[in-house]
Amino acid sequence: MKNIKKITALFLAVLMVVSLCACASMPKSNKAEWGYKTSTEEYPIGVYIYSLFSAYNQAYSVISQAQGDKFDAEASILDISSTFDEADGEMVCRDWVLKEADYITKNLIALDEEIAKNNIQLDAEVVESAYEQARKDWNLGSYYEEYVAYGYAATPYKGMLEPFGVSFDSFYQSSYLASVKQNAIFDFYYGKGGEKAVADSEMKDYFEDNYTSYSYFSVNLYESTTDATTGQTVNKALSAEDQKQAKEDLGLYVKMIAQGTSFEDISKIHTAAAKLSANPAVSNIENLEYTALGTEVADALKGMKDKEAKVIYVGQEDSTVAYFLYKKPITQETKQYVSTDANYDSLLQEMKSEEFLEYIDSLTGTVDCTINQPVIDKFNPSIFEADLKK
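Please read these numbers as outputs of a predicted model, since none were measured by experiment. (Residues numbered from 1 in each chain as written. Predicted model: local features only at pLDDT ≥ 70, side-chain atom pairs only at ≥ 80, totals over all residues. Heavy atoms only, no water.)

Colleague: I tried to follow the pairing of strand β10 (residues 321-328) on my own but got confused; where do I start?
Modeller: Each regular strand carries side chains that alternate between the two faces of the sheet. Counting buried positions over the eight residues of β10 gives eight, a clear majority of the element. Residues Val321, Tyr323, Leu325 and Lys327 line one face of β10 and the alternating positions Ala322, Phe324, Tyr326 and Lys328 line the opposite face, and both faces are buried. Of the strand pairs in this sheet, strand β9 (residues 309-314) and β10 are connected by six bridges, and their pairing is antiparallel. Looking at the pairing, Lys310 lines up with Leu325 of β10. (Buried < 20%, exposed > 50% of the residue type's maximum accessible area, 1.4 Å probe, protein only. Helix = DSSP H or I, 4+ residues; strand = E, 2+ residues; numbered from the N terminus. Pairing = 2+ DSSP bridges.)

Given below as C-alpha cells:
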C-alpha cells in the first residue's frame, strides 16, 4: 500500500519542517501559464509548485528522521537515496520528489473528475468555511492563536509559498478545497444511503471489537515540592506507611467492585477519603490503538475483562502513580455512541478510509491529462534549497 497517497491537505496538519527562502533568480510563474490540463480544466503552474513543495517537505521529513543526529540541516537532501514509501522502494530523493509532485497534482485532477462524473454537490457552507480558514492561514499562519498564546510567532503560508510562485488561489485549490472535495466523495460512497454505505450491523461489530469503555482515577505515591533556590520541582516518595495505606485502600476498592459497588460510588468514596476538592475520575470511550493514555495503562485495559477493576503502578520510585482502572461493558455503549453523528463519521473514516484511498489512488493512476513540460521543467526541487549555501 502506498503510504504517501493522501491529498496535499494532509500536509497542513503539521508545521513545515524546513524554513524555505526564495532565491531572487528563481523563475516566477505566470498566472496565464498552466501546468496540467484535461479536456475540461486547466491547473495553473502554482498548483504544481505547491505539489512540489509538499513532496519536498515530505522527503525532508523522511530523511531527517531516518538520519537522526547525523542529519545535516544545511546540506542538500536531493542526492540522498532513501525509502519514501512502500510502493517505490529506495529512490534518489530528487527523483522521488518529482514523481510524488506529479502524483499529487494528478490526485487533485482525479478528485475533480470524480466530482464531475457523479455530479457531487459540495456543501456551500463547508466550502465557505474552508475558504475562510485558508485565507486566515495564508495571511497569519496555521494555529495562529495557539502560537500567539504561547508567545511564539506563526509563519503565514503566504510568506512561505508566494515567493515560489504559488498564489492564494493555487494554495486553496490544492489544500483546503481539495480536502472538502475528498470528504464529499467519501460521503457520496460511504455515507448513509451511499453506494457503499456500511450496514448498521457492520458498524456495531466494528465498534464493539475495537473500542473500549473505561474509567479511572490516579493516586500519586509521592509528593512534589519546589526548590526555593533553583525553582525546580522535586519529587519525593511518600513514606512507607503512607504508601502501604494507599495501596490497601485501592485494593479494597477492587474488592468492592467485585462485590457489586459501582465505579461511580468508588470514585466518590475516594474523593471524600482523600479530601479532594473535586472528583478525579476520568471516563472515556475510545480505540486504545490511538489513545493518549500511557502504554502501561492502555495495555492493562486491553487485558481486562468487562466489569473488572484493577490497580497498576507506573513510574519511578520517587514518582510512582497508581491507576485504579475499571473496564465497562462496551456493548452497553454502542447504541448511544453510534447514534451521534460525529462519532458515526469518525468510525466510518476508521473503517473505510484505507479502502477509499486505495480507490482514489487507482483513479489517480489512470488520469488522462496534458502536461506543460517546458513550464514544469522550470521548477524542480532545487528551488527550495537555493539559499542553503549562502
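Colleague: Got a minute to help me understand the sheet that holds strand β5 (residues 212-220) in this structure?
Modeller: In space, the four strands of this open sheet follow the order β8-β5-β10-β9, with antiparallel pairing throughout. Of all strands in the sheet, those bounded by a partner on one side alone are β8 (282-286) and β9. Within this sheet the neighbouring strands show an average axis-to-axis angle of 30°, counted without direction. The sheet contact formed by β5 and β10 spans eight bridges and is antiparallel. Its bridge partner lying in β10, Asn220 is registered against Val321. Strand contacts of helix α10 (residues 263-273): β5 and β10, with the helix running at about 15° to β5, the strand carrying the most contacts. Strands β5, β9 and β10 of the sheet are contacted by helix α11 (residues 295-302), whose axis makes an angle of about 35° with β10. (Axes fitted to C-alpha atoms, helices over the stretch in contact; angles between N-to-C directions. Contact = heavy atoms within 4.5 Å.)

Colleague: I'm lost on the pattern of salt bridges in this one. Help?
Modeller: Oppositely charged side chains can form a pair if their charged atoms are brought close together. Applying the stated criterion across every chain yields a total of 11 salt bridges. For Lys106, the salt bridge identified is with Asp102, shortest N-O distance 3.3 Å. Of this pair, Lys106 and Asp102 both sit in helix α2 (residues 93-117), four residues apart, which is roughly one turn of the helix. Taken as a pair, Lys106 and Asp102 share a single burial class, namely buried. Ionic pairing is found between Glu264 and Lys328, a salt bridge with its closest N-O pair at 3.8 Å. (Salt bridge = Lys/Arg side-chain N within 4 Å of Asp/Glu carboxyl O.)

Colleague: Explanation requested: unusual backbone geometry in the structure shown.
Modeller: Note: most peptide bonds trans; most residues except glycine with negative phi. The backbone of Asn119 sits at a positive phi, close to 50°, despite the residue not being glycine. Of note, Asn119 is situated in the loop between α2 and α3 (124-140). Look at Asn119 and you get exposed, because its relative accessible area is 57%. Of note in this structure, Lys307 is not a glycine but carries a positive phi near 65°. In this fold, Lys307 is placed in the loop between α11 and β9.

Colleague: In this structure, what is going on with the pairing of strand β6 (residues 222-226)? I would like to understand it.
Modeller: Sheet topology note: the β6/strand β7 (residues 233-237) ladder contains five bridges and is antiparallel. Counterpart to Ser224 in the pairing with β7 is Asn235. Adjacent in sequence and paired antiparallel, β6 and β7 are bridged by six residues, among which Gly231 carries a positive phi angle near 75°.

Colleague: In this structure, what is going on with helix α13 (residues 341-364)? I would like to understand it.
Modeller: An α-helix turns once every 3.6 residues. As a result, residues three or four positions apart point the same way. Its 24 residues place the ends of α13 only 30 Å apart at the C-alpha level, less than the 34 Å of an ideal helix rising 1.5 Å per residue. Along α13, the largest kink reaches about 55° and is centred on Lys352. Residues of α13 that are buried: Tyr344, Leu347, Leu348, Met351, Lys352, Phe356, Leu357, Ile360, Asp361, Leu363 and Thr364. Summarising the contacts, the buried residues of α13 are in contact with α2, α7 (176-190), α8 (200-210) and α12 (334-339). (Expected span 1.5 Å × (residues − 1). Bend = angle between axes of the 7 residues up to and from the residue.)

Colleague: Could you clarify how one ought to interpret the packing of aromatic side chains in this entry?
Modeller: How two aromatic rings sit relative to each other is set out by the distance from centre to centre and by the angle between their planes. Applying the stated criterion across every chain yields a total of 34 aromatic pairs. Measuring from centroid to centroid gives 5.5 Å for Tyr189 and Tyr359, while their planes differ by 75°, and the two rings are edge-to-face. Here Tyr189, found in helix α7, pairs with Tyr359, found in helix α13; they are 170 residues apart in sequence, far enough to count as distant. Both rings, one in Tyr214 and one in Tyr216, keep their centres 6.3 Å apart while their planes meet at 20°; by these two values the pair is stacked. When sorted by exposure, Tyr214 lands in the same class as Tyr216, which is buried. The ring of Tyr344 carries Lys192 above its face, with NZ or CZ at 4.5 Å from the centroid. One residue, Lys196, lies across the ring of Tyr189, its end atom 5.4 Å from the ring centre. (Phe/Tyr/Trp six-rings, centres within 6.5 Å; stacked < 30°, edge-to-face > 60°. Lys NZ or Arg CZ within 6 Å of the ring centre and 35° of its normal.)

Keep in mind these numbers describe shape, not what the thing actually does.
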